[in-house]
Amino acid sequence: MKIGIIGAGNIGGNLTRRLAALGHDVSVANSRGPHTLTELAQETGATPVPVEEAARGAEIVVVTVPVKAVPNLPSGLLDGAAGDVAVIDTGNYYPRERDGRIAGIEDDGTTESRWTEQQIGHPVIKAFNGTFAQDILDRPRPAGDPDRLALPVAGDDAAAKAKVRTLIDELGFDTVDTGGIADSWRQQPGTPVYGLREGVDGVTKALAEASPERPAEFRG
């Protein structure tokens with residue numbers, strides 16, 4: 001499968017490593033340009049490209065950039081992607097330590113991923129946002145393994161969500177359906193499931209225990 005990854009930080013870099021190792025055709029981009037990704041490309045076999053080209057022909061696009069950087073992504077970011085492209089949003093809103101206050105999230109009660117959808121003009125599937133980056137490399141397990149971790153996944157497009165859940169299964173993790181993007185607050189920072197290393201039962205329980213009120217430390 002052709003996969004475009006926008007952002008080569010901890011999550012983006014490790015997804016590049018794993019997905020390329022699984023045999024996918026991976027293109028990776030960052031804000032600093034392809035020349036800064038030479039080492040990652042040599043390590044993984046992924047193709048470094050400008051951000052504007054990362055989604056070209058892609059069946060899955062991973063957007064893994066700071067939330068404050070989402071509005072700066074180029075317009076037409078998904079032009080040239082497959083017609084049924086699934087877009088994964090791994091982002092988290094950290095108003096105090098990184099992103100500054102975003103009124104569209106805090107004043108309107110919009111979930112972080114809904115706000116991202118509005119910026120890029122395309123539905124997203126929220127996944128990997130509470131996952132430790134190193135776990136992507138170190139913690140995959142075969143299906144049925146009692147130590148297999150589960151990741152929450154939210155989204156409104158059933159077909160796109162199914163595609164993403166299949167990919168996560170291939171990566172070596174179970175998934176739990178959080179619901180639609182309107183319900184994705186259940187996996188935002190400060191919720192019980194955020195950063196949780198548990199299987200399906202533990203993740204399901206944590207999602208049910210979440211509160212829609214944004215914790216004070218995650219308000220700007």
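Structural notes, computed from the coordinates. Note that the coordinates shown come from a computational prediction; the quantities given were computed from them, not determined experimentally.

What counts, and where the lines are drawn
Residues numbered from 1 in each chain as written. Predicted model: local features only at pLDDT ≥ 70, side-chain atom pairs only at ≥ 80, totals over all residues. Heavy atoms only, no water. Helix = DSSP H or I, 4+ residues; strand = E, 2+ residues; numbered from the N terminus. Rg over C-alpha atoms; globule rule 2.2 N^0.38 Å. Buried < 20%, exposed > 50% of the residue type's maximum accessible area, 1.4 Å probe, protein only. Contact = heavy atoms within 4.5 Å. Areas by Shrake-Rupley, 256 points an atom, 1.4 Å probe, with all protein chains shown as cover. Lys, Arg positive; Asp, Glu negative; His and termini not counted. Charge placed at Lys NZ, Arg CZ, Asp CG, Glu CD. Axes fitted to C-alpha atoms, helices over the stretch in contact; angles between N-to-C directions. Parallel < 35°, antiparallel > 145°, perpendicular 65-115°, else oblique. Core = buried A, V, L, I, M, F, W, Y, C linked by side-chain atoms within 4.5 Å. Salt bridge = Lys/Arg side-chain N within 4 Å of Asp/Glu carboxyl O. Pairing = 2+ DSSP bridges. Right-handed = clockwise from strand over helix to strand, strands pointing away. Phe/Tyr/Trp six-rings, centres within 6.5 Å; stacked < 30°, edge-to-face > 60°. Lys NZ or Arg CZ within 6 Å of the ring centre and 35° of its normal.

### Focus on the overall build of the protein chain
Part 1 of the argument: A tally of helices and strands in the protein chain yields eight helices and eight strands.
Part 2 of the argument: The C-alpha radius of gyration of the protein chain comes to 16 Å, within 12% of the 17 Å expected for a compact globule of 220 residues.
Part 3 of the argument: Projected onto its principal axes, the C-alpha positions of the protein chain cover 40 × 40 × 30 Å.
Part 4 of the argument: A burial count over the protein chain gives 50% of its 220 residues as buried.
Part 5 of the argument: Restricting to contacts in the protein chain with at least 6 residues of sequence separation, those with at least 24 account for 68%.
Part 6 of the argument: For the protein chain, the exposed surface amounts to about 9,600 Å²; the carbon and sulfur share of it is 46%.
Part 7 of the argument: Here the protein chain holds 22 positive side-chain charges and 32 negative ones, and the gap between their average locations is 3 Å.

### Some thoughts on the packing of helix α1 (residues 10–21) against helix α7 (residues 158–171)
Part 1 of the argument: Put simply, α1 and α7 touch, their axes get as near as 10 Å, and they point 80° apart. It follows from the interaxial angle that α1 and α7 lie roughly perpendicular. In this structure, α1 uses Leu15, Arg18 and Leu19 to contact α7, whose residues at the interface are Leu167, Glu170 and Leu171.

### What to know about the nonpolar core
Part 1 of the argument: Residues Ile5, Leu15, Leu19, Phe128 and Ile168 are the most contacted members of the largest nonpolar core, which totals 29 residues.
Part 2 of the argument: Listed by contribution, the elements that provide at least two residues to this core are β1 (2–6), α1, β2 (25–29), β4 (60–63), β5 (86–89), α6 (133–138), β7 (150–155) and α7.
Part 3 of the argument: What phenylalanine 128 contacts, discounting residues up to four positions off in sequence, is Ile11, Leu15, Ile88, Thr90, Ile136, Leu151, Ile168 and Leu171.
Part 4 of the argument: Within the second largest apolar cluster, 25 residues are counted, among which are Val61, Val63, Val65 and Leu77.

### Comments concerning the environment of valine 61
Part 1 of the argument: Inspection of the secondary structure puts valine 61 in strand β4.
Part 2 of the argument: Of the residues examined, valine 61 reaches a relative accessible area of 0% and is grouped as buried.
Part 3 of the argument: As a C-alpha pair, valine 61 and alanine 210 span 149 residues in sequence and 28 Å in three-dimensional space.
Part 4 of the argument: For valine 61, the contacting residues outside a window of four places in its chain are Gly4, Ile6, Ala55, Leu78, Val85, Ala86, Val87 and Ile88.

### Considerations on the pattern of salt bridges
Part 1 of the argument: On inspection of all chains with the given rule, the structure shows 14 salt bridges.
Part 2 of the argument: Between aspartate 107 and arginine 101 there is a salt bridge, and its shortest N-O distance comes to 2.5 Å.
Part 3 of the argument: In this structure arginine 101 comes out as partly exposed when scored by relative accessible area, which is 45%.
Part 4 of the argument: The partner of arginine 165 in a salt bridge is aspartate 177, and the shortest N-O contact between them spans 3.9 Å. Within this pair, whereas arginine 165 is found in helix α7, its partner aspartate 177 is found in strand β8 (residues 174–179), the two being separated by 12 residues in sequence.
Part 5 of the argument: Judged by its relative accessible area of 27%, arginine 165 is partly exposed.
Part 6 of the argument: It is possible to trace a salt-bridge network through shared partners that takes in Arg114, Glu117 and Asp156.

### Focus on the pairing of β8
On any regular strand, side chains alternate: one points to one face of the sheet, the next to the other face.
Part 1 of the argument: Of the pairings in the sheet, the one linking β7 to β8 comprises five bridges and is parallel in character. Looking across to β8, one finds that alanine 154 is bridged to glycine 179.
Part 2 of the argument: At this point the chain moves from β7, through α7, to the parallel β8, and the crossover so formed is right-handed.

### Topic: unusual backbone geometry
Part 1 of the argument: Of note in the backbone geometry, phenylalanine 128 takes a positive phi value of approximately 70° without being a glycine.
Part 2 of the argument: Following the sequence through the fold, phenylalanine 128 ends up in the loop between β6 (125–126) and α6.

### Comments concerning the packing of aromatic side chains
Part 1 of the argument: Under the counting rule described, the total for this entry stands at one aromatic pair.
Part 2 of the argument: Seen from their ring centres, tyrosine 94 and phenylalanine 218 are 6.4 Å apart, and the 45° between their planes marks the pair as tilted. With tyrosine 94 in the loop between β5 and α3 (95–99) and phenylalanine 218 in the segment after α8 (200–208), this residue pair connects regions lying 124 residues apart in the sequence.
Part 3 of the argument: Given the relative accessible area of 15%, tyrosine 94 is considered buried.
Part 4 of the argument: When the ring centre of phenylalanine 132 is taken as origin, the NZ or CZ atom of arginine 197, which lies over that ring, is 4.1 Å away.

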